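Fold and geometry: a report
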Amino acid sequence: MKKATLADIAREAGVGTATVERVLNSRGNVTPATIEKVVQAMRQLGSTRALPQKYSGVLRIEVLMVRRETPFFTRLNEAFIRISESLDPSILLHRTFVDENVPASVARRIAEPGFRRVGLIIVAPDHPEVRARLAQEREKGVAIVQIVSRIDGSHDAFVGIDNYAAGRTAAMLMARMLRGASGHLAALCHSGVYEVHRERIRGFSDYLAEQAGDGLVFSETLFGLDQDQRSAEILDTALKRDPEIVGLYNAGGANAGVASVLERRKSGHPLMWVGHELTDESRLWLRSGLMDIVLDQAPETQARRAIDTVLRKIGFIAAEVSTEPVRFYTITAENL
């Protein structure tokens with residue numbers, strides 16, 4: 001490829017050659033938005049020209065996440081950290097955790113990041129204020145990618161697994177492994193504020209209604225807000241109230257709470273447990289037989305694809321990025 005000239009860069013960026021010259025020589029009087037256009041044009045053309053130090057890190061992408069303490073978001077956050085270390089020096093990745101219980105605070109952070117960003121990767125509760133602020137950012141030209149769980153009413157790019165299929169898979173495995181048995185099947189999740197959990201429960205329920213037959217009945221959904229203690233308490237109460245429960249699908253993140261209840265009742269009738277996310281703890285539960293199946297949604301893959309999607313949307317990379325659902329993995333004690 002021939003060396004990109006000032007005219008090539010100017011044409012790609014849609015600005016004049018004088019503007020490109022001012023950026024390259026740090027002469028000032030250029031807006032941040034125009035600088036970003038020039039930087040992106042240089043990357044697109046494969047230009048090796050050095051940018052002034054003051055323009056390094058000019059492309060800022062923010063990742064907004066929730067529930068820092070949960071195993072899944074710990075893995076997702078660590079994945080973003082690792083990937084950020086391999087990004088081009090002109091890209092800065094900001095990671096922010098917000099309180100899911102205060103939607104107004106989440107909305108305020110979306111609207112007021114404290115810096116100019118070209119992209120926003122977000123997982124947040126579905127709330128009118130959050131939707132309104134995302135719409136405003138969209139109008140500003142910010143490239144938005146939703147990750148893990150989709151917010152209703154938007155057409156942003158989404159990176160995540162097929163959660164409806166995950167719920168159906170959990171139900172299929174449970175129905176087949178409990179074939180010939182009779183009893184009740186229960187589900188546990190955060191609540192109804194995340195589409196990810198609504199879709200998993202819907203898939204679980206639909207499969208059982210269509211395929212399970214008369215022996216197994218989907219009896220109830222428990223809402224534990226992904227809090228271990230709360231989830232343990234409501235699960236313990238449900239098992240005491242309904243001794244016919246023979247299977248539990250934890251569609252959320254409170255696996256430690258589930259394990260604490262099942263460990264205390266080992267002497268009772270066995271209960272099949274299907275949950276999400278492969279962690280050090282879930283490996284131990286699988287090996288011990290306490291847990292039967294883990295559906296892992298590959299947060300590392302989600303992080304990489306979300307960043308690539310933003311870079312593609314802002315024109316930083318030319319390669320196509322898959323829009324297919326991220327593949328989730330079915331893990332048992334036999335394929336750890």
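All values derive from a computational prediction rather than experimental measurement.

With respect to the overall build of the protein chain
Per the secondary structure count, the protein chain includes 12 helices and 11 strands. The burial tally for the protein chain puts 51% of its 336 residues in the buried class. Taking contacts inside the protein chain between residues at least 6 apart in sequence as the whole, the part at least 24 apart equals 68%. Accessible surface, the protein chain: about 15,600 Å² in total, of which carbon and sulfur atoms supply 48%. Placing the 43 positive and 42 negative side-chain charges of the protein chain at their respective mean positions leaves the two points 8 Å apart.

Digging into the packing of aromatic side chains
Applying the stated criterion across every chain, the model contains four aromatic pairs. Between F204 and F218, the ring centres sit 5.2 Å apart and the planes meet at 85 degrees, which makes this aromatic pair edge-to-face. Taken together, the residues span a long stretch of sequence, with F204 in helix α8 (residues 195-211) and F218 in strand β7 (residues 216-223) at a distance of 14 residues. With relative accessibility at 0%, the residue F204 sits in the buried group. Judged by relative accessible area, which is 23%, F218 ranks as partly exposed. Their ring planes at 40 degrees and their centres at 5.5 Å tell us that W273 and W285 sit as a pair that is tilted. Placement of W273 in strand β9 (residues 272-276) and of W285 in helix α11 (residues 280-288) is noted, with a sequence separation of 12 residues between them. If you follow R67 out to its NZ or CZ, it ends over the ring of Y194, 5.3 Å from the centre.

Thoughts on the side chain of R305
For R305, the position within the fold is in helix α12 (residues 299-313). For R305, which is buried and forms no salt bridge, the nearest opposite charge comes from D308, at a distance of 7.4 Å. Ignoring anything within four residues of it in the chain, the contact list for R305 reads V159, V321, S322, E324, P325 and V326.

Topic: the sheet that holds strand β5 (residues 157-159)
Pairing within the open sheet is parallel, and its five strands lie in the order β2-β1-β3-β4-β5. In this open sheet, the two strands that pair with only one neighbour each are β2 (91-97) and β5. On average, each strand axis in the sheet is inclined to that of its neighbour by 20 degrees, with strand direction left out of account. Bridging between strand β3 (residues 119-122) and strand β4 (residues 143-147) involves four bridges; their strand directions are parallel. Within β4, the residue paired with L120 across the bridge is I144. Against the sheet, helix α4 (residues 71-84) makes contact with β1 (59-65), β2, β3 and β4, and its axis sits at roughly 165 degrees relative to β2, the strand it touches most. Sitting on the sheet, helix α5 (residues 103-111) is in contact with β1, β2 and β3, with an inclination near 175 degrees to β1.

What about the pairing of β1?
Burial analysis of β1 places six of its seven residues in the buried class, which makes it a mostly covered element. Here seven bridges tie β1 to β2, and the two strands are oriented parallel to one another. Within β2, the residue paired with L59 across the bridge is I91. A crossover links β1 with its parallel partner β2, the connecting element being α4, and its sense is right-handed.

Rules of the game
- Starting afresh in each chain, residues are numbered from 1 along the sequence in its written order.
- Reporting in this predicted model follows two pLDDT cut-offs: at least 70 for local features of residues, and 80 or more for side-chain atom pairs to be given and counted; totals over whole chains, interfaces and linings ignore these cut-offs and use all residues.
- Derived side-chain values reflect all non-hydrogen atoms in the structure, with water molecules and hydrogen atoms excluded from consideration.
- Helix and strand assignments follow DSSP, with helices taken as H or I runs no shorter than four residues and strands as E runs no shorter than two, numbered in order from the N terminus.
- Burial classes: relative accessible area under 20% of the type maximum marks a residue as buried, over 50% as exposed, and values in between as partly exposed (1.4 Å probe, protein chains only).
- Contact criterion: two residues are considered in contact whenever any of their non-hydrogen atoms come within 4.5 Å of each other.
- Computed with a 1.4 Å probe, the accessible areas rest on the Shrake-Rupley method; for each residue, only the protein chains presented here act as cover.
- Think of it this way: Lys and Arg go in the positive column, Asp and Glu in the negative one, and His and the chain ends go nowhere.
- In this description, the location of a charge corresponds to atom NZ of lysine, CZ of arginine, CG of aspartate or CD of glutamate.
- The criterion for an aromatic pair is that two Phe, Tyr or Trp rings (for Trp, the six-membered ring) have centres within 6.5 Å, with stacked assigned to planes under 30 degrees apart, edge-to-face to planes over 60 apart and tilted to the rest.
- A ring has a charge above it when a Lys NZ or an Arg CZ is no more than 6 Å from the ring centre and no more than 35 degrees off the ring normal.
- A side-chain nitrogen of Lys or Arg and a carboxyl oxygen of Asp or Glu constitute a salt bridge if their distance falls within 4 Å.
- Two strands make a pair as long as DSSP finds a minimum of two bridges between them.
- Axis definition: a line fitted to C-alpha atoms, over the contacting stretch in the case of helices. Angles run 0 to 180 degrees between N-to-C directions.
- When the strands point away from the viewer, a crossover counts as right-handed if the route from the first strand across the helix to the second turns clockwise.

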